[in-house]
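A structural walkthrough
Take a look at the letters that make up each chain.
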Amino acid sequence: MSATFLFSFVIGYFILLLFVAYLTSRNSNNESFFIGNRSSNWLLVAFGMIGTSLSGVTFVSVPGTVGSAGFGYFQVVIGYLFGYAVIAYVLLPLYYKMNLTSIYNYLEHRFGIVSYKTGALFFIISRILGATARLFLVINVMQLFILTKLHIPFAVTTFVILLMILLYTVEGGVKTIVFTDTLQTSFMLLGLIVCITYILKSTGLGLGGAFQQMHKLDLTRVFNFDVNSPAYFLKHILGGAFIAIGMTGLDQEMMQKNISVKTLRDSQKNILTFSITMAVVNFLFLLLGGLLFLFATSNNITVSPDDLFPTVALQYMPSVVSIIFIIGLISALFPSADGALTALTSSFCIDIIGLKRRPDLDEKQRKRIRVGVHLCFAVIFFLMVMIFKWIDNKSIIDVILKIAGFTYGPLLGLFAFGILTKRKIHDRASLYVCLAAPLIILALDFVNNLGWYQKQWHLSGPFISFMAKFSDSLFGNFKIGYELLIYNGLLTFLGLYMISRKPEISVANHRA
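What counts, and at which threshold
Residues numbered from 1 in each chain as written. Predicted model: local features only at pLDDT ≥ 70, side-chain atom pairs only at ≥ 80, totals over all residues. Heavy atoms only, no water. Helix = DSSP H or I, 4+ residues; strand = E, 2+ residues; numbered from the N terminus. Buried < 20%, exposed > 50% of the residue type's maximum accessible area, 1.4 Å probe, protein only. Contact = heavy atoms within 4.5 Å. Areas by Shrake-Rupley, 256 points an atom, 1.4 Å probe, with all protein chains shown as cover. Salt bridge = Lys/Arg side-chain N within 4 Å of Asp/Glu carboxyl O. Axes fitted to C-alpha atoms, helices over the stretch in contact; angles between N-to-C directions. Parallel < 35°, antiparallel > 145°, perpendicular 65-115°, else oblique. Left-handed = near helix turned anticlockwise from the far one by under 90°. Nonpolar A, V, L, I, M, F, W, Y, C, P; charged D, E, K, R; others polar. Core = buried A, V, L, I, M, F, W, Y, C linked by side-chain atoms within 4.5 Å. Patch = residues over 30% accessible without salt bridge, like charges linked within 9 Å, V, L, I, M, F, W, Y side chains within 5 Å. 1 Å grid on protein atoms, 1.4 Å probe; cavity = no way out; pocket = protein on both sides within 12 Å on 5 of 7 lines; lining within 4 Å. Points joined across faces, edges and corners; volume = space filled by probe spheres on them. Disulfide = S-S within 2.5 Å. Expected span 1.5 Å × (residues − 1). Bend = angle between axes of the 7 residues up to and from the residue. pLDDT = per-residue confidence, 0-100. Polar contact = N/O pair within 3.5 Å; in protein donor to acceptor, adjacent residues only side chain to side chain. Phe/Tyr/Trp six-rings, centres within 6.5 Å; stacked < 30°, edge-to-face > 60°. Lys NZ or Arg CZ within 6 Å of the ring centre and 35° of its normal.

Turning to the overall build of the protein chain, a few remarks are in order. Per the secondary structure count, the protein chain includes 23 helices and 2 strands. For the protein chain, the proportion of its 512 residues judged to be buried stands at 56%. Residue pairs at least 24 apart in sequence account for 85% of intrachain contacts in the protein chain once pairs closer than 6 positions are excluded. Of the roughly 21700 Å² that the protein chain leaves accessible, carbon and sulfur atoms contribute 67%.

The following block contains the structure:
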């Protein structure tokens, strides 16, 4: 199938998104952009959030991990379920009780303006890094299999895609994204189911026979019981729980959609429905990964894990399946960027420059500032995707979860300290605590994984030898996994405790 023919479906899909944006953004204003006028349908939000959470990373990377790790990623998914329960019954009631537009306003009420802006700043850093890593992965696949054949440079592809996203998000914001995410999730799941069905049919094994073959090759293993392994089941389950809390419950992009639902009860139904559906969909992606591995083995296909799904779909499947894969792939691409751009714009406007606290600005002036911020973040996205292209790391899912461990840790510590204690902190010092904690964890992670860094960067010398011996004596065979986020959050929590004091008890309360 020609690259030009496949690319025509990308253009057609974008035109459809523009049409949806036009219908949903009419009579929109800043409140529509930020929180959808708090009128979003909870079922649409739940379904659309699947596409945002999965994105191109799950669509491409998760199936590719099965060949080396089996169904081990499902340990993390189990952890997600616990994390989503905490979001539904701890965080959402708090956000609705305070009637928040930005969830980081909680930190201002609890601690002060510096903690508030620190939380927003860490969200901005986290979301820029995570969203652009996801965006790079999908653009890279499209470039490799379609656009290079059309002699279109990677930079041009990235620019055009970001321009497309700007065009359909700049007016409607959340109000538009709730609908476009629903559409995109539908196409993504269609691509998943069609590909599973085709491979099952082509192998002639049937679902039971396929599982038997995968079991023989040790691909269906889920739990890792080696306590020293970074994939040890408790590390993955606990890491998954806190990753869900951090990357969903403490993330303005994800919560912006949840608090756009009218009532708390509907928002809780949304997050619980979403969590169960996410577990099922992730299992289907792992099943697809096992089937792809069987297909690749029988057809002598040897490619990198992240290229396995695109290679099979575009070079070994019928044209109609290839088309559905491309539509599913671009459906995975857009939710990873459109919601992030909108949420970053909202957070910067509300949290950093205080747009809603500026009575001197009218609606038109606020909109002009908001559009300008939206454009600036699009430029930042472009630059970050180009940096990821330069780094060219194929294990993007590990990169994203690693980034989350460092950048969401301070957010986890701030919210946990605020919710679990009544102590007051020295607000100005909170920024230093939140900067110090991830730096300390980064140093520990570097020492813990020094052997890996030595191989990757060809490090040598007396200092490296000394650090290697120090690492062996400090950690032994123990390797840090996805629970990195927990260590970071705990260190932030301890740092906040050190700069805190007991709340003052008024004379009246004391007498009472």
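Okay, the pattern of salt bridges next. Using the criterion set out here, one finds 3 salt bridges in the structure. For the salt bridge of D266 with K269, the shortest nitrogen-to-oxygen distance reads 3.2 Å. A residue pair is termed a helical-turn pair when its members lie 3 or 4 positions apart in one helix, as D266 and K269 do in helix α12 (residues 264–298) at 3 residues. Judged by relative accessible area, which is 22%, D266 ranks as partly exposed. According to the relative accessible area criterion, K269 is partly exposed, its value standing at 34%.

A word on unusual backbone geometry. Phi angles above zero are rare outside glycine, and N99 is one such case at about 55°. Relative to the helices and strands, N99 is located in the loop between α4 (73–97) and α5 (105–110). Note on N99: relative accessible area 52%, which makes it exposed. Look at D218: it is not a glycine, yet its phi comes out positive at around 60°. Note that D218 resides in the loop between α9 (206–216) and α10 (233–249).

This brings us to the packing of helix α6 (residues 113–147) against helix α16 (residues 363–391). Where α6 contacts α16, the axes come no closer than 8 Å and their chain directions differ by 60°. It follows from the interaxial angle that α6 and α16 lie oblique. Pair α6 / α16 crosses with right-handed handedness. Only F377, I380, F381, M384, V385, F388 and K389 of α16 make contact with α6, whose side of the interface consists of I124, I128, L129, A131, T132, A133, L135, F136, I139 and N140. Split by residue class, the contact of α6 with α16 holds 14 nonpolar, 2 polar and 1 charged.

Put simply, α4 and α10 touch, their axes get as near as 7 Å, and they point 35° apart. Between α4 and α10 the crossing geometry is right-handed. Together, Q75, V76, I78, G79, Y80, F82, G83, Y84, V86, I87, L91 and Y95 of α4 and F233, H236, I237, G240, A241, I243, A244, I245, T248 and G249 of α10 make up the contact between the two elements.

A word on the nonpolar core. Formed by 127 residues in total, the largest nonpolar core has its most connected members in Y95, Y104, L288 and F381. Counting residues per element, this core draws most heavily on α6, which supplies 18 residues. Among all residues touching Y104, those that are not within four sequence positions of it are Y116, G119, A120, F123, L250, D251, Q252, S347, D351, L411 and F415.

Where nonpolar side chains cluster on the molecular surface, the patch consists of L18, V156, F159, V160, L163 and L167 and spans about 490 Å² of accessible area. With 5 residues, the single largest contributor to the nonpolar patch is helix α7 (residues 154–169). In this fold, V160 is placed in helix α7.

A separate point is the layout of surface pockets. Reported here for the second largest pocket is a volume of approximately 310 Å³. Along the wall of the second largest pocket there are 16 residues; nearest its centre are F242, L412, F415, A416 and L420. When residues of the lining of the second largest pocket are traced back to their parent elements, those giving at least two are α4, α10, α18 (409–420) and α22 (484–498). Of the residues forming the lining of the second largest pocket, the biggest block, 6 residues, is contributed by α18. Counted by class, the lining of the second largest pocket contains 14 nonpolar, 2 polar and no charged residues.

In the structure shown here, the tally under the stated rule is 0 disulfides. The structure places no disulfide on C349, whose sulfur is separated from the nearest cysteine sulfur, that of C376, by 10.0 Å. Assessed through its relative accessible area of 0%, C349 is described here as buried.

The end-to-end C-alpha distance of α4, which contains 25 residues, comes to 35 Å, matching closely the 36 Å that a straight helix rising 1.5 Å per residue would cover. The principal kink in α4, of about 35°, is found at I87. Two residues or fewer past α4, N99 is found with a positive phi of approximately 55°.

In the predicted model, the protein chain carries a mean pLDDT of 79, and the fraction of residues at 70 or more is 82%. Between residues 29–37, whose pLDDT stays under 50, and residues either more than four places distant or in other chains, the model counts 40 contacts.

So, about the side chain of Q75. Position of Q75 relative to the elements: it lies in helix α4. Separated by 3.0 Å, the side chains of Q75 and H236 make a polar contact. In this structure Q75 touches V222, F223, N224, A231, Y232, F233, H236 and I237, once residues within four positions along its chain are discounted.

Moving on, we come to the packing of aromatic side chains. Counting across every chain of the model gives 17 aromatic pairs. Consider the rings of Y106 and F415, whose centres lie 5.5 Å apart with planes at 20°: the pair is stacked. Taken together, the positions of Y106 in helix α5 and F415 in helix α18 put the pair 309 residues apart, joining distant regions of the chain. Each of the two residues, Y106 as well as F415, counts as buried. Through pairs of rings, three or more aromatic residues link up here, namely Y104, Y106, F123 and F415. Against the face of F154 rests K389, its NZ or CZ located 4.9 Å from the ring centre.

A word on the environment of V312. Checked against the element boundaries, V312 lands in helix α13 (residues 305–315). Overall, the relative accessible area of 0% leaves V312 in the buried class. In sequence terms V312 and F295 are 17 residues apart; their C-alpha atoms lie 8.2 Å from each other. With sequence-adjacent residues up to four places away left out, V312 is seen in contact with L292, F295, I301 and M317.

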